[in-house]
Amino acid sequence: MKIFKTQKELQSFLQGLREAAKKIALVPTMGALHEGHLSLIREAQQIADATVCSIFVNPTQFNDPKDLERYPRPIQNDLQLLEAVACDVVFLPEVDEMYPGDDMPWHIDLGELDQIWEGAKRPGHFQGVTQIVYKLFQLVRPDVACFGQKDFQQVMVIQRLVDIKELPVRIHICPTVRNQDGLALSSRNLRLSDAGRIKALALYRSLAFIKNYKTAKTVDALKDGALQILAQEGDIEVEYLAICERRTLREVDLLLPHKQHVALLVAWVEGVRLIDNMLLD
Ligand code: PAF
């Protein structure tokens, strides 16, 4: 496994791959890797000849400097995990490498995608995400980039970035990794007690309800049914549950056959903010 810390070293290595007509996949991460990330690497390996994983805790996407400071950086463990799944290349830059002093200010018009759901919660977050992802795309020039469906809004934002900038990269959405019982994998699950973990399964059940009954019920009835499943569990605070058109994430009140939809859910269990979603078609 090759490890590069500078753009220059990485670029010269990737040039060799490109000259050999190798297809390159990029998996951008902020480290603290878990099974969800490793599934992205495995999927990337299926669709490309060489997989680059970047590990960079990107300061511009944090609203709170304390969160940035507290963000875990278990780099040795991350490298061991990547080695174990036979990742080809790891890019591990320092902050100055990605944000030199003379860096240009960044703003991209993401329309409503920047203002709604996670965007409303974390102003400026998606500007920071697009800023770093754009830099990584320009640097690696991947044929394909893999992102987890778990952060669905992030994937739609990145797709918008690709469309606006007309970047020659395909965004590959990797399905959310779930435990056998349906709970979406997240490092936050570790903060739940056994009872909280069982409660949290209601998130998956409520999303599955929406998917299973999507043709039989109205959007309002789907949402009511899902909210009831969550309420029956008790002590689950729903932050938002929405049925949206997939690309724009605008809420719909009718599921149209020629459109694609997604159900988005954020709920709190034992003080832990859990995020999940389900594609409806
Ligand atoms: O999802 C993440 O870990 C980050 O937002 C990303 C895409 C690596 C950009 O820093």
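Just so it is clear, the model here is predicted, and its values are computed rather than measured. (Residues numbered from 1 in each chain as written. Predicted model: local features only at pLDDT ≥ 70, side-chain atom pairs only at ≥ 80, totals over all residues. Heavy atoms only, no water.)

We now examine the sheet that holds strand S2 (residues 24-29). Pairing in this open sheet of six strands is parallel, and the strands run S1-S4-S3-S2-S5-S6 from one edge to the other. Here the strands that pair on one side only, and so sit at the sheet edges, are strand S1 (2-4) and strand S6 (170-174). For this sheet, the mean inter-axis angle between neighbouring strands, taken without regard to orientation, is 25 degrees. Bridge count between strand S3 (residues 50-55) and strand S4 (residues 89-91): three bridges; the pairing is parallel. Among the inter-strand pairings, Ser-54 is bridged to a residue of S4, identified as Phe-91. Contacting S2, S3, S4, strand S5 (144-148) and S6, helix H7 (residues 125-140) runs over the sheet at an angle of about 155 degrees to S2. Sheet contacts for helix H8 (residues 152-165): S5 and S6; angle to S6, the most-contacted strand, approximately 170 degrees. (Pairing = 2+ DSSP bridges. Helix = DSSP H or I, 4+ residues; strand = E, 2+ residues; numbered from the N terminus. Axes fitted to C-alpha atoms, helices over the stretch in contact; angles between N-to-C directions. Contact = heavy atoms within 4.5 Å.)

This brings us to the site of the ligand. The environment of the ligand is formed by Pro-28, Thr-29, Met-30, Asn-58, Gln-61, Val-129, Ile-132, Phe-147 and Gln-154. A distance of 2.6 Å separates an oxygen atom of the ligand from a polar side-chain atom of Gln-61. Taking Gln-154, its side chain carries an N or O atom lying 2.7 Å from an oxygen atom of the ligand. Burial of the ligand by the protein chains amounts to 87% of its free accessible area of 290 Å². The residue makeup of the shell around the ligand, split by class, is five nonpolar, four polar and no charged. (Near = heavy atom within 4 Å. Polar contact = N/O pair within 3.5 Å; in protein donor to acceptor, adjacent residues only side chain to side chain. Areas by Shrake-Rupley, 256 points an atom, 1.4 Å probe, with all protein chains shown as cover. Nonpolar A, V, L, I, M, F, W, Y, C, P; charged D, E, K, R; others polar.)

To continue, consider unusual backbone geometry. Of note, Trp-117 is a non-glycine position whose phi angle comes to about 45 degrees, a positive value. With respect to the helices, strands and loops of the structure, Trp-117 is situated in the loop between helix H5 (95-98) and helix H6 (118-121). For Trp-117, a relative accessible area of 18% puts it in the buried group. Even without being glycine, Leu-249 reaches a positive phi, approximately 60 degrees. Following the sequence through the fold, Leu-249 ends up in the loop between strand S7 (236-245) and strand S8 (261-269). For Leu-249, a relative accessible area of 0% corresponds to the buried category. (Buried < 20%, exposed > 50% of the residue type's maximum accessible area, 1.4 Å probe, protein only.)

Let us look at the pairing of S5. With four of five residues buried, S5 is to be regarded as a mostly interior element. As judged from the two bridges shared by S2 and S5, these two strands associate in the parallel manner. Bridge pairing in S5 links Ala-25 to Val-144. Of the strand pairs in this sheet, S5 and S6 are connected by five bridges, and their pairing is parallel.

So, on to helix H1 (residues 7-19). Since the α-helix packs 3.6 residues into each turn, any two residues three or four apart lie on the same face. Taking 1.5 Å as the rise per residue, H1 with 13 residues should run 18 Å; its terminal C-alpha atoms sit 18 Å apart, in good agreement. As for H1, its buried residues are in contact with S1, S2, S3, S4 and H7. After H1 finishes, the residue Ala-21 shows a positive phi value of roughly 60 degrees. (Expected span 1.5 Å × (residues − 1).)

As a further point, take the pattern of salt bridges. Scanning all chains against the criterion turns up 13 salt bridges. Among the ionic pairs, Arg-70 bridges to Asp-67, the shortest N-O distance being 2.9 Å. In this pair, Arg-70 and Asp-67 are both assigned in helix H3 (residues 65-70), three residues apart and thus about one turn of the helix distant. Residue Arg-70 is classed as exposed on the basis of its relative accessible area of 58%. The shortest N-O distance in the salt bridge between Lys-223 and Glu-251 comes to 3.0 Å. Here Glu-251 lies in the loop between S7 and S8 and Lys-223 lies in helix H10 (residues 219-233), a separation of 28 residues in the sequence. (Salt bridge = Lys/Arg side-chain N within 4 Å of Asp/Glu carboxyl O.)

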